[in-house]
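# Structural characterization, general
Listed below, chain by chain, are the residues.
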Amino acid sequence: MKVRHVFRLTQRITQLSKIVRGRREVVSRLRSLIFRLTNRIKNLGKCSTMQPNLFTTMRSLKLIEGCKATQVYPSSSPPPPPSTGLREKLLQHLQDHFRVNSTRSKPSHTHQNAAVSLDSLLLPHGLPVSDLLEPHIDPSLRFVDSIEKLAEVHRRIENCPNHEKSEAFLEQCAIVRGLTDPKLFRRSLRSTRQHAVNVHTKVVLSSWLRYERREDELIGTTSMDCCGRNLGCPNMSLVSGYDPESVYNRCLCSRSETNDDVSECSTSEVDYDMSFCIGDEEVRCVRYKIASLSRPFKVMLYGGFRETRLSAINFALNGVSLEGMRAAEAFSRIHKVEIFPVNIVLELLTLANRFCCDELKAACDSYLSRLVKDLDDALLLIEYGLEEAAYLLVAACIQVFLRELPSSMRNPNVVKIFCSVEGRERLVLVGHGSFVLYLFLSQIAMEDDMTSNTTVMLLECLVEYAVEAWQKQVACHQLGAVMLERKEYKDAERWFSSAVEAGHVYSLVGVARSKFKRGHRYSAYKIMNSLISDCSATGWMHQERSLYCSGKEKLLDLDIATDLDPTLTFPYKFRAVSLSEESQFGAAVAELNKIMGFKVSPDCLEMRAWISIAMEDYEGALKDIRALLTLEPNFLMFNKKIHGDHMVELLRPLVQQWNQADCWMQLYDRWSSVDDIGSLAVVHHMLANDPGKSLLRFRQSLLLLRLNCQKAAMRSLRLARNHSKSEHERLVYEGWILYDTGHREEALAKAEESISIQRSFEAYFLKAYALADSALDPESSKYVIQLLEEALRCPSDGLRKGQALNNLGSVYVDCDKLDLAADCYTNALNIKHTRAHQGLARVYHLKHQRKWAYDEMTKLIEKARNNASAFEKRSEYCDREMAQSDLGMATLLDPLRTYPYRYRAAVLMDDHKETEAIEELSKALAFKPDLQLLHLRAAFYDSMGKSAEAIRDCEAALSLDPNHTDTIDLYNKAREPQP
């Protein structure tokens, strides 16, 4: 009977360990059960033979590892021998913490218990579970055929009248928002603003442009204007009319505003012929001037009424004060309101509305709109503006609200204006309710807090303003995404279905996910299965269907998703977690490395750190977490429960400690080995010790640009500027910000101003870099060489001097000075600038030493951590078969590189395999709409006589870059009538 009871307890333990593995809340229950079980065993004299087997069963259940519980029988044995390692010290600390009086445990058990406790400390929420992973649903528009959609919107832009172009460009914004290049969205947004007609649209789009460039905004300087190159000028936004050339106009913010002299209001020579009586006072007026204010005044004074014959008219019952009437009389003569106090101008605005004085109202409206400077002014004056239907005043107030986003939407009064029924109705009446307004507001709200009630209200307003099909697609899809995030699955399904009805096929993913969350797994599977059958399959279709499959079918869908779109992160993450569940941690990290080689994202860095901790690679985990915090400083790890900074503090004692000198050596080594993530981690470590070091912030920005993290790079560059300790240094960083945002001439001016203050490596380097970014004539090349030589004479470290030598070698090559170029590259290699191998290979190639060029690139491949570009470049120095092999490896390491696809397609075309060539290009275009790929495919189609397809690809390419000359020429050629 007792043995049977023991067996039942064992079964109970097994059930609990399977159901609640890794959950700390049941640890105490497991402890209690194990304690009761072992006490029973001690009392069973007849069961001595089964005791080893029973404990073997318990060990096989992995209770300690699975539940992260502490040991049942802690040890009172002597402490383990002292250790000099940091990890052993922490383990010793944990052992002391968990040790209590007992005689049944062994020292090895204590060490195991401490190790388990360490894992519990570092992984308090356990490892991720593959069955709980889900891909993110993109709130932006996505399409089955993005090329056709880009071509379609280009045709609309080309064919619509000027006053509708802004709306067409806004649709283009919505389309390119879902693409990987943020510069495309910003360019489309600038075009939308450039072609805007009315003040309301200009205000919204100017504020949106300013928001998008917030990372490269400089604080405390007037050298970069507040306007984002005039299109963002707050005063220009308040000027109505279609003016696409306004980008070239002078910013109105620089215009000084002076009040008119009061002497203009002199009455010494005025010939008064009537007066208005208010109380006991009279306001003397000129009848015809008052009549000219409005038609009602003209009718009253000249229309045959009793007032026509009166020289004194009682005006006391019309709600106008004596000061207000005097101001109205003065305005009738001088037509200015700037000389009056604000309260009088507000009264004039009311009078103008009451008596239909259009000129007076316009003057008051314009003047009051210029007084709105901050949020307090806007909150006060918008009530007057809405009450009196003052269009410009309300526009100016809205502009302040939008320029203070997202903080302004935390003010309940602002939320009431935009979200309440009454507030929306008042905005519509004054002409300030629109789709573009709520598109901007909802976009910022989703970035700030996707699940807030404010976000929902703004999106519901967006739905109300949606008229065109694409607008309904955006509004309904985004509202569905928010409802899904809020776990309101029924509403999410409804909104996703509305988006599908409007024509957005990708929203079927949201419909399927909502059904899955409500327990209808098979229905979700059928939706995705039907979609894959009916449409050209895409990576996101197979990715979503994999959620509703299991076993080999799930893995097959994920493999197909990766093959169709290697940029999708979920398949890599799922495979990595599945491997880690089988304790294949090395293979799991290798799986994540595949995508991290060409697409660095916070979620993949977090996943790799998670797995590294599980395999006790604390140094690798710390490196990834530091890199992650560089991308997103406030990132919350492990299901958004632990701040990344806290994990850094936990992991620091477990790795080798570096002082600042050690860090510089580590940075030098990792920079030389082209280990960008490792370099980012070292810089993050150094900044923790010296957060105000602008030089380190600048290095950080260079690494982030290499990793194609534009937003984070601009943030680091801005911090470098803000932490500058000298004027000449600050000017250099301002110059780089200007250069990276497309303002080359202004960047050159900053570099020259910095050099005039103090000669420095970075100032000369910036000037040379900006000048070299164009087709150089011999004289210009000579000047760039002089600048780089001056830079090399200035103090700097090996990392930057290596870059300068590399650039100098490149200019020498362009000038056909190959020996001098080789010397530069060799000197750069001597100070470990590994990328100089590529330049030296180019020199050998130009000297017809192809084998040496190939060997030089092989050295780069062996040294560089990220070497996809090296494989691509080496392919130029070998025969076709070896080139195909190198380019295949380049595509495997980085599928986003387009040259390998273009090369393979060109080879196929040379072999008269047109269909295969088109397929090779289409494979890449399916996940990366690229200008060069589109242009080449259009040229192929044109050579095959397929004009319609060629025109479509040209239109899509011009949607990405409307000024690409080669594509424009091909487009015109393809549209010519065929003989």
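Note that residues are indexed from 1 along each chain, following the sequence as it is written. Side-chain atom pairs in this predicted model are given and counted only at pLDDT of 80 or more, local residue features only at pLDDT of at least 70, and totals for whole chains, interfaces and linings cover all residues. The side-chain values count all of the structure's non-hydrogen atoms but skip hydrogen atoms and water molecules.

## Things to note about the overall build of the protein chain
Comment: elements are numbered from the N terminus, with helices defined as DSSP H or I runs of at least four residues and strands as E runs of at least two. Counting its regular elements, the protein chain contains 53 helices and four strands. Each of the 979 residues in the protein chain was classed as buried or not, and the buried ones make up 54%. For the protein chain, contacts bridging at least 24 residues in sequence account for 59% of all contacts bridging at least 6. Carbon together with sulfur atoms contributes 51% to the accessible area of the protein chain, which is approximately 45,400 Å² in total. Remark: exposure states derive from per-residue accessible area (1.4 Å probe, protein chains only) relative to the maximum for the residue type, with buried under 20%, exposed over 50%, and partly exposed in between. Working rule for contacts: check all heavy atoms of both residues, and any pair within 4.5 Å makes them a contact. For every accessible area listed, the method is Shrake-Rupley and the probe measures 1.4 Å; residues are considered covered only by the protein chains on display.

## So, the UniProt feature "repeat: TPR" (unreviewed entry) in the protein chain
Per the UniProt record, "repeat: TPR" (unreviewed entry) is annotated on residues 802-835 and 931-964. Along residues 802-835, the helical share is 76% and the strand share 0%, with 9 Å between the first and last C-alpha atoms. End-to-end, the C-alpha atoms of residues 931-964 are 9 Å apart, and along that stretch the chain is 79% helix and 0% strand. UniProt positions are given in the numbering used here, feature names are shortened, and annotations may be inferred rather than shown by experiment.

## Here's the deal with the pattern of salt bridges
The rule for a salt bridge is simple: a side-chain nitrogen of Lys or Arg has to be within 4 Å of a carboxyl oxygen of Asp or Glu. Under the criterion given, the structure shown has 56 salt bridges. With its nearest N and O atoms 3.0 Å apart, the salt bridge here joins Arg486 to Glu488. By sharing partners, the salt bridges in this structure join Arg721, Glu727, Arg730, Glu734 and Lys750 into a single network.

## Things to note about the pairing of strand 1 (residues 274-278)
For strand 1, the buried fraction is high: five of the five residues fall into the buried class. Here strand 1 shows two buried faces, one formed by Met274, Phe276 and Ile278 and the other by Ser275 and Cys277. Paired strands, in this sense, are two strands between which DSSP finds at least two bridges. Alignment of strand 1 against strand 2 (residues 281-285), held across five bridges, turns out to be antiparallel. Counterpart to Phe276 in the pairing with strand 2 is Val283. What sits between strand 1 and strand 2 in their antiparallel hairpin is a turn of two residues, with Gly279 showing a positive phi close to 65 degrees.

## Points about the side chain of Asp675
You can see Asp675 is positioned in the loop between helix 35 (660-672) and helix 36 (676-689). In this structure, Asp675 is in contact with Arg670 and Arg865, ignoring residues within four places of it in sequence.

## Re the nonpolar core
What is meant by a nonpolar core is a set of buried Ala, Val, Leu, Ile, Met, Phe, Trp, Tyr and Cys residues, joined one to another through side-chain atoms within 4.5 Å. Core analysis: the largest hydrophobic core is formed by 221 residues, its most contacted members being Phe276, Phe297, Phe418 and Tyr438. Among residues more than four places away in sequence, those in contact with Tyr438 are Phe418, Arg424, Leu427, Leu458, Cys461, Leu462 and Tyr465. With 59 residues, the next largest nonpolar core counts Ala720, Leu738, Leu771 and Leu808 among its residues.

## Focus: the packing of helix 37 (residues 694-706) against helix 39 (residues 727-740)
Axis lines are fitted through C-alpha atoms, for helices just across the contact stretch, and the angle between N-to-C directions can take any value from 0 to 180 degrees. Taken N-terminus to C-terminus, the directions of helix 37 and helix 39 make an angle of 15 degrees; their axes are 11 Å apart at the nearest point. With respect to helix 39, the axis of helix 37 lies roughly parallel. Helix 37 and helix 39 meet at a crossing whose hand is left-handed. For the pair helix 37 and helix 39, contact is made by Ser694, Leu695, Phe698 and Leu705 and by Glu729, Tyr733, Trp736 and Asp740, respectively. Among the residues making up the contact of helix 37 with helix 39, the classes are represented as five nonpolar, one polar and two charged. Orientation categories follow fixed angle ranges, with anything under 35 degrees roughly parallel, anything over 145 roughly antiparallel, 65 to 115 roughly perpendicular, and all other angles oblique. Crossing handedness: left-handed means the near helix sits turned counterclockwise from the far one by under a right angle, and right-handed means the same turn made clockwise. Only Asp, Glu, Lys and Arg are considered charged in this grouping, and only Ala, Val, Leu, Ile, Met, Phe, Trp, Tyr, Cys and Pro are considered nonpolar; every other residue, Gly among them, is considered polar.

## Points about helix 52 (residues 947-960)
Expected span of a helix, by definition, is 1.5 Å for each gap between consecutive residues, and there is one gap fewer than residues. Helix length check: helix 52 (14 residues) gives 20 Å between terminal C-alpha atoms against 20 Å at 1.5 Å per residue, within 8%. Within helix 52, 12 of the 14 residues are buried, which leaves it mostly tucked inside the rest of the structure. Within the span of helix 52, buried status applies to Ser947, Ala950, Ile951, Arg952, Asp953, Cys954, Glu955, Ala956, Ala957, Leu958, Ser959 and Leu960. Tucked into the core, helix 52 has its buried residues touching helix 7 (146-159), helix 8 (165-176), helix 9 (182-194), helix 51 (931-943) and helix 53 (965-975).

## Details of the sheet that holds strand 2
Taken together, three strands build an open sheet; the order of strands is 2-1-3 and the sheet is mixed. The outermost strands of the open sheet, each flanked by one partner alone, are strand 2 and strand 3 (312-314). Going across the sheet, the axis of each strand differs from the next one's by a mean of 30 degrees, ignoring polarity. In the packing of helix 14 (residues 322-334) onto the sheet, contacts are made with strand 1 and strand 2, and the angle to strand 2 comes to roughly 10 degrees.

## Some points on the packing of aromatic side chains
Side-chain rings of Phe, Tyr and Trp, where Trp is taken by its six-membered ring, are said to pair if the distance between their centres is within 6.5 Å; with planes under 30 degrees apart they count as stacked, over 60 as edge-to-face, and otherwise as tilted. The final tally for this structure, using the stated rule, is 24 aromatic pairs. Lysine and arginine charges are scored as sitting over a ring when NZ or CZ, respectively, is within 6 Å of the ring centre and within 35 degrees of the ring normal. When the ring centre of Tyr572 is taken as reference, the NZ or CZ atom of Arg575 above it lies at 5.3 Å. Over the ring of Tyr901 we find Arg904, and its NZ or CZ is 5.2 Å from the ring centre.

## Topic: the environment of Arg744
In this fold, Arg744 is placed in helix 40 (residues 744-757). For Arg744, a relative accessible area of 24% corresponds to the partly exposed category. The spacing of Arg744 and Lys767 is 23 residues in sequence and 9.7 Å in space, taken between C-alpha atoms. When sequence neighbours within four positions are dropped, the list of residues in contact with Arg744 reads Ala770, Leu771, Asp773 and Ser774.

## So, the packing of helix 32 (residues 618-631) against helix 34 (residues 644-651)
At a minimum axis distance of 10 Å, the contact between helix 32 and helix 34 shows a crossing angle of 155 degrees. Regarding the angle of helix 32 to helix 34, the classification is roughly antiparallel. As helix 32 runs across helix 34, the sense of the crossing is left-handed. Contacts from Tyr618, Ala621, Leu622, Ile625, Arg626 and Leu629 of helix 32 reach helix 34 at Gly644, Asp645, Met647, Val648 and Leu651. Taken together, the residues that form the contact of helix 32 with helix 34 break down as eight nonpolar, one polar and two charged.

## Some words on the environment of Arg880
Counting through the fold element by element, Arg880 comes out in helix 48 (residues 880-893). Arg880 sits in the partly exposed class, given a relative accessible area of 43%. Along the backbone, Arg880 and Val907 are 27 residues apart, and their C-alpha atoms lie at a distance of 9.1 Å. When sequence neighbours within four positions are dropped, the list of residues in contact with Arg880 reads Tyr903, Val907 and Asp911.

## A short note on the environment of Glu468
By the secondary structure assignment, Glu468 is in the loop between helix 22 (453-465) and helix 23 (469-485). Once the C-alpha coordinates of Glu468 and Glu171 are considered, the two residues, 297 residues apart in sequence, prove to be 9.9 Å apart. With near-sequence residues (within four places) excluded, Glu468 lies in contact with Arg156 and Glu167.

## Brief notes about the side chain of Arg952
By secondary structure assignment, the location of Arg952 is in helix 52. Of the residues examined, Arg952 reaches a relative accessible area of 18% and is grouped as buried. Non-local contacts of Arg952, meaning those with residues more than four positions away in its chain, are made with Ile147, Glu148, Ala151, Arg937 and Tyr941.

## Some thoughts on helix 45 (residues 836-846)
Those residues of helix 45 lying buried are Ala836, His837, Gly839, Leu840, Ala841, Val843 and Tyr844. Buried residues along helix 45 sit against helix 43 (798-814), helix 44 (818-830) and helix 46 (850-863). Positive backbone phi, at 65 degrees, marks His848, one or two positions downstream of helix 45.

## A few points about the confidence of the model for the protein chain
Think of pLDDT as the predictor's per-residue confidence, scored from 0 to 100. Model confidence for the protein chain is summarised by a mean pLDDT of 85, while 83% of its residues fall at 70 or above. When the criterion is pLDDT under 50, residues 1-7 qualifies, and its contacts beyond four places in sequence or with other chains add up to eight contacts. Below a pLDDT of 50 lies the segment residues 220-226, which in the model reaches 20 contacts outside its immediate sequence neighbourhood of four places, other chains included.

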